[in-house]
Amino acid sequence: AVSVSKVISANAKGSRVISFDSSSVEMMTPLSRQDTDSWSNYVAGVVQQYMKELSKCGCSISLEIAICGDVPLGSGLSSSASLEVAVATFIEKVIEKSNSDLNLNLNLKLGGMKETALRCQAAENEFCGAPCGIMDQYVSVTANKGSAIMIDCRSLEYQTISMGDTDTTSNPSDVDDGKPVFLICNSNVKHSIGGGEYPIRVTQCADATKHFRSIHGDGVVSLRDVSLAMVAAATKKGSSSSTDDADDDADVTLRRAKHVVAENERTQKAALALANGNWAAFGKLMNESHESMKTDYEVSCEEIDILADLAQNFEGVYGSRLTGGGFGGCTITLVDRRRVKELCDFLKEEYSVRTGGKECLCYEASPGAGAREIIINM
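Here the structure is a predicted model, which means the values were calculated and not measured.

Overview of the packing of aromatic side chains
Stage number 1. Per the stated rule, a full pass over the model turns up three aromatic pairs.
Stage number 2. Measuring from ring centre to ring centre gives 6.2 Å for F182 and F282, while their planes differ by 70 degrees; the resulting arrangement is edge-to-face. Separated by 100 residues along the polypeptide, F182 in strand β6 (residues 181-186) and F282 in helix α9 (residues 279-295) bring together distant segments of the chain. When sorted by exposure, F182 lands in the same class as F282, which is buried.
Stage number 3. Between F314 and F346 the ring centres are 5.2 Å apart and the planes differ by 35 degrees, which places this aromatic pair in the tilted class. Here F346 lies in helix α11 (residues 340-355) and F314 lies in the loop between α10 (302-312) and β7 (317-323), a separation of 32 residues in the sequence.

What about the pairing of strand β4 (residues 147-152)?
Stage number 1. Covered by surrounding structure in β4 are S147, I149 and I151 only, the residues A148, M150 and D152 on the alternate face being uncovered.
Stage number 2. Sheet topology note: the β4/strand β5 (residues 157-162) ladder contains six bridges and is antiparallel. Note that in β5 the partner of I149 across the bridge is T160.
Stage number 3. Here β4 folds back onto β5 in antiparallel fashion, the turn holding four residues, of which L156 has a positive phi close to 65 degrees.

Some words on the nonpolar core
For soluble globular proteins, nonpolar side chains are generally found buried alongside one another.
Stage number 1. Ranked by size, the top nonpolar core spans 31 residues in total, and within it V43, V46, Y50, I61 and I91 carry the most contacts.
Stage number 2. Those elements that provide at least two residues to this core are α1 (41-54), β3 (64-67), α2 (79-102), α3 (113-127), α4 (135-142) and β4.
Stage number 3. Residue contributions to this core peak at seven residues, all from α1.
Stage number 4. Within the second largest apolar cluster, 19 residues are counted, among which are A208, V231, M293 and C301.

What about the pairing of strand β8 (residues 330-335)?
Stage number 1. Among the six residues that make up β8, six are buried, leaving the element largely enclosed by the rest of the structure.
Stage number 2. What you see with β8 is no split at all: C330, I332 and L334 on one side and T331, T333 and V335 on the other are buried throughout.
Stage number 3. With six bridges joining them, β6 and β8 adopt antiparallel strand pairing. Of the residues in β8, the one forming a bridge with L183 is T333.

Digging into the pattern of salt bridges
Stage number 1. Tallying each qualifying case throughout the model produces 21 salt bridges.
Stage number 2. Between R338 and D336 there is a salt bridge, with the nearest N and O atoms lying 2.8 Å from each other.
Stage number 3. Residues joined by salt bridges that share partners form a network here, namely D251, R255, R256 and E298.

Considerations on α11
Stage number 1. Over its 16 residues, α11 extends 22 Å from the first C-alpha to the last, a length consistent with the 22 Å expected when each residue adds 1.5 Å.
Stage number 2. All of the buried residues along α11 are V340, L343, C344, L347, Y351 and T355. Angular distribution of buried residues about the axis of α11 spans 100 degrees; they occupy a single face of the element. Facing away from the buried side of α11 by over 90 degrees, the exposed positions are K341, E349 and V353.
Stage number 3. Those residues of α11 that are buried are in contact with β6, α10, β7, β8 and β9 (361-365).
Stage number 4. The first or second residue beyond α11 is G356, which carries a positive phi of 75 degrees.

Rules used in this analysis
Residues numbered from 1 in each chain as written. Predicted model: local features only at pLDDT ≥ 70, side-chain atom pairs only at ≥ 80, totals over all residues. Heavy atoms only, no water. Phe/Tyr/Trp six-rings, centres within 6.5 Å; stacked < 30°, edge-to-face > 60°. Helix = DSSP H or I, 4+ residues; strand = E, 2+ residues; numbered from the N terminus. Buried < 20%, exposed > 50% of the residue type's maximum accessible area, 1.4 Å probe, protein only. Pairing = 2+ DSSP bridges. Core = buried A, V, L, I, M, F, W, Y, C linked by side-chain atoms within 4.5 Å. Salt bridge = Lys/Arg side-chain N within 4 Å of Asp/Glu carboxyl O. Expected span 1.5 Å × (residues − 1). Arc of directions from axis to C-beta. Contact = heavy atoms within 4.5 Å.

Structure (structure tokens):
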């Protein structure tokens with residue numbers, strides 16, 4: 001029998017309905033990125049991940065899903081990951097209920113946050129053709145209200161980091177008033193990690209890893225195993241032996257490595273600063289991160305640089321940087337909560353002036369909970 005799944009988007013013009021064959025893994029093929037309905041690949045790709053196991057039990061999936069969301073698309077705010085994880089959570093709840101009600105005895109490992117995140121990452125890598133990492137999907141699964149998440153992308157362990165959790169310098173009654181807030185500013189420059197430069201960065205990092213492994217041995221599994229001293233030594237050696245333009249590629253690869261290695265160090269320092277309520281230190285790391293993404297990793301763009309520069313030079317701002325995969329999207333800024341409205345007005349006015357009339361959108365943000373089941377009593 002043919003199983004057909006339908007997705008209804010309340011956000012699409014005309015509430016468009018998209019259908020796809022979900023009777024078998026082989027029958028599911030992605031739409032091209034040029035197709036106006038290609039966003040549905042993120043849904044179909046997740047369904048396919050579960051079909052790989054359900055088909056072994058002689059089962060298929062036939063779903064009708066209504067989707068409504070308010071995460072700006074193509075803004076670098078993990079809209080694809082949030083959709084994938086929401087669909088995965090929904091499917092797992094349906095399978096759990098079917099397993100219980102119908103005694104299907106399906107031997108599926110469900111409900112584990114790691115497994116859900118990995119399935120969603122695989123859907124984006126394999127079905128959607130986007131070579132993303134695990135961060136967006138993992139955060140969408142594990143997020144806790146009021147806390148940041150620091151992920152060990154090798155072990156897939158994580159820890160929650162509360163803002164100012166160990167801060168002993170503030171009066172407890174003034175903690176909420178004294179804490180800054182995060183402001184998201186959307187440049188309205190669309191970003192996509194499925195094509196263009198992002199896959200090139202992935203390849204360059206893989207090349208850098210191979211380079212350091214050839215020098216330092218098999219202990220270098222990824223750039224996480226490389227130190228800044230190792231990068232500096234390789235850069236010095238490369239500059240002293242450079243003879244022609246052929247060495248330019250090697251220089252670029254080392255700069256990509258420098259960014260990744262330094263960003264790993266900044267992340268660990270930022271987690272400590274955030275937990276201690278050291279906003280100045282955290283903001284400084286944000287600014288350093290943006291400069292590195294701009295010059296070493298080269299994933300920023302003119303509009304994002306303008307927004308970061310404007311924010312970094314505004315009184316009351318601790319730091320500002322690009323957020324997301326780059327090549328457009330949004331900035332994230334840590335700012336004194338008393339200056340939020342003034343900063344929003346300033347960014348909107350100056351961004352328009354410096355970009356020839358372009359508009360930006362600002363959102364005050366706070367950490368929320370990840371994907372979860374919500375029971376609606378009718």
